[in-house]
Amino acid sequence: MSGPITATDAEPDAAGPGRPEGPTVELVPSRAASVGGVDVRRALPRRQRRTIGAWCFADHFGPVAPDGPGGRMEVGPHPHTGLQTVTWLVEGEVVHTDSLGSEQSIRPGQLNLMTAGRGVAHAEQTPASYRGVLHGIQLWIAQPDITRDRAPDFAHHAELPDADYGSCRATVLIGELGGVRSPSHFEMGILGVELATAAPTDLILPVDAAFEHGLIVLAGGVALAGETVGPGVLAYLGRGRDELALDISGGSRVLLLGGPPFTEDLLMWWNFVARTRGEIEHAWNEWEGGTARFGRVASDLPRIPAPRPSWLPTT
Ligand code: MN
């Protein structure tokens, strides 16, 4: 999906409570937004909490019925820079098409990971033939300086490793949990795990104390440290835990995100992740000018124009 970051989300972390040194449980309500005709709960970035590790964007969409309002998603060609997009579905099907020539359908349990680097463009839509419910999440990972100017890339992982914790299945999308490692390579610490359980479960997960962590509930609920969290609320957990004790309701799907605090400058505008306003203005100009930087996407959907950066004088 596209992630139109606006001034509402673009304000600096300084507006928030800062970054605690130790464990915490901080509940941050998600913001309602709409992307490609689908209502989303935007868990990141929020004024109170812009990032968890390098995770800098999270839109939870659905479940929506295909015939109702917002039942189909159609996001036309749009560019990205300096980030990786992670698409993960609970239900439904989405077709990804990008300027690298990739055309890839994704289904629940599979991972689409697109690396923008210096620039890429893509389109995403539910296929016309699909008649089921759409439910999932799109996340962005900010690329560090050592990789963000590299060439773009796209990877599809049809199968991912998992491990059982009691009756809960932990699927490792990104990074490593308890010795189970995702096939995706990262040049920095980062963690993304889906916890799925049919029955209520108490579990203890081994986690890295140098990482900060957060939970996004896609379905059901989770209790920790006396707080109960459901969909539409980000639980930020801070750093300094080497294990995480969770009490998960039956029928739940919970995403655990983590990583060392991202300390590089981060400026997000619309679908661009950068360091400076100059970089954003350059990317905006190049997308609007149709230069070769972002390539071409083979899609019938209309190309999405980039909004003028809000800090530029109006002409
Ligand atoms: Mn996108």
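My aim in this report is to walk through the structure given alongside it, one point at a time. Quantities reported herein were computed from a predicted structural model and do not represent experimental measurements.

Broken down by element type, the protein chain carries two helices and 26 strands. Relative to the compact-globule value of 20 Å for 315 residues, the protein chain shows a C-alpha radius of gyration of 19 Å, a close match. Taking all 315 residues of the protein chain together, the buried fraction comes to 54%. Considering only contacts in the protein chain between residues 6 or more positions apart, those separated by 24 or more positions represent 73%. Looking at the protein chain as shown, the accessible area adds up to about 12,400 Å², and 49% of this sits on carbon and sulfur atoms. In the protein chain, 25 positive and 37 negative side-chain charges are present, and the distance between their average locations comes to 5 Å.

Its place among the elements puts His213 in strand β19 (residues 212-219). Ignoring anything within four residues of it in the chain, the contact list for His213 reads Ile52, Leu191, Val207, Asp208, Ala235, Tyr236, Leu237, Gly238, Leu256, Leu257 and Gly258.

Strand order in the open sheet made by the four strands is β18-β23-β20-β21, with antiparallel pairing throughout. At either margin of the open sheet sits one strand with a lone partner, and together these are β18 (201-206) and β21 (227-229). When the angles between neighbouring strand axes are averaged without regard to direction, this sheet yields 30 degrees. As paired elements, strand β20 (residues 222-224) and strand β23 (residues 243-248) share two bridges and run antiparallel to each other. By the bridge assignment, Val222 is partnered in β23 with Ile248.

On to the sheet that holds strand β22 (residues 233-238). Strand order across the open sheet formed by seven strands is β1-β22-β19-β24-β17-β14-β13, with antiparallel pairing between neighbours. At either end of the open sheet lies a strand with only one pairing partner, and these are β1 (23-29) and β13 (162-165). Along the sheet, successive strands turn relative to each other by an average axial angle of 25 degrees, direction set aside.

Within the secondary structure, Arg275 sits in the loop between β26 (272-274) and α2 (277-289). Residues within four places of Arg275 in sequence aside, it is in contact with Gln143, Pro144, Asp145, Arg148, Phe262, Glu264, Asp265, Leu266 and Leu267.

Ranked by size, the top nonpolar core spans 39 residues in total, and within it Trp55, Val86, Ile174 and Ile216 carry the most contacts. Take this core: its biggest share by element is five residues, from strand β11 (residues 134-142). If you look at the next biggest cluster of nonpolar residues, it comprises 26 residues, including Val172, Val180, Val193 and Leu205.

Our focus in this paragraph is the packing of aromatic side chains. Counted according to the given criterion, the structure contains five aromatic pairs. Centre to centre, the rings of Trp287 and Phe294 are 5.8 Å apart; their planes meet at 80 degrees, and the pair counts as edge-to-face. The exposure class of Trp287 is buried, given its relative accessible area of 3%. Taken together, the ring pairs connect Trp270, Phe272, Trp287 and Phe294 into an aromatic cluster. The ring centre of Trp287 lies 3.8 Å from the NZ or CZ of Arg303, which sits over that ring.

So, on to the environment of Arg150. Summarising the element assignment, Arg150 is placed in the loop between β11 and β12 (153-157). Residues Arg150 and Gly178 lie 28 residues apart in sequence; the distance between their C-alpha atoms is 31 Å. Setting aside residues up to four positions removed in sequence, Arg150 forms contacts with Ala116, Gly117, Arg118 and Glu187.

So, how was this worked out
- Residues numbered from 1 in each chain as written.
- Predicted model: local features only at pLDDT ≥ 70, side-chain atom pairs only at ≥ 80, totals over all residues.
- Heavy atoms only, no water.
- Helix = DSSP H or I, 4+ residues; strand = E, 2+ residues; numbered from the N terminus.
- Rg over C-alpha atoms; globule rule 2.2 N^0.38 Å.
- Buried < 20%, exposed > 50% of the residue type's maximum accessible area, 1.4 Å probe, protein only.
- Contact = heavy atoms within 4.5 Å.
- Areas by Shrake-Rupley, 256 points an atom, 1.4 Å probe, with all protein chains shown as cover.
- Lys, Arg positive; Asp, Glu negative; His and termini not counted.
- Charge placed at Lys NZ, Arg CZ, Asp CG, Glu CD.
- Pairing = 2+ DSSP bridges.
- Axes fitted to C-alpha atoms, helices over the stretch in contact; angles between N-to-C directions.
- Core = buried A, V, L, I, M, F, W, Y, C linked by side-chain atoms within 4.5 Å.
- Phe/Tyr/Trp six-rings, centres within 6.5 Å; stacked < 30°, edge-to-face > 60°.
- Lys NZ or Arg CZ within 6 Å of the ring centre and 35° of its normal.

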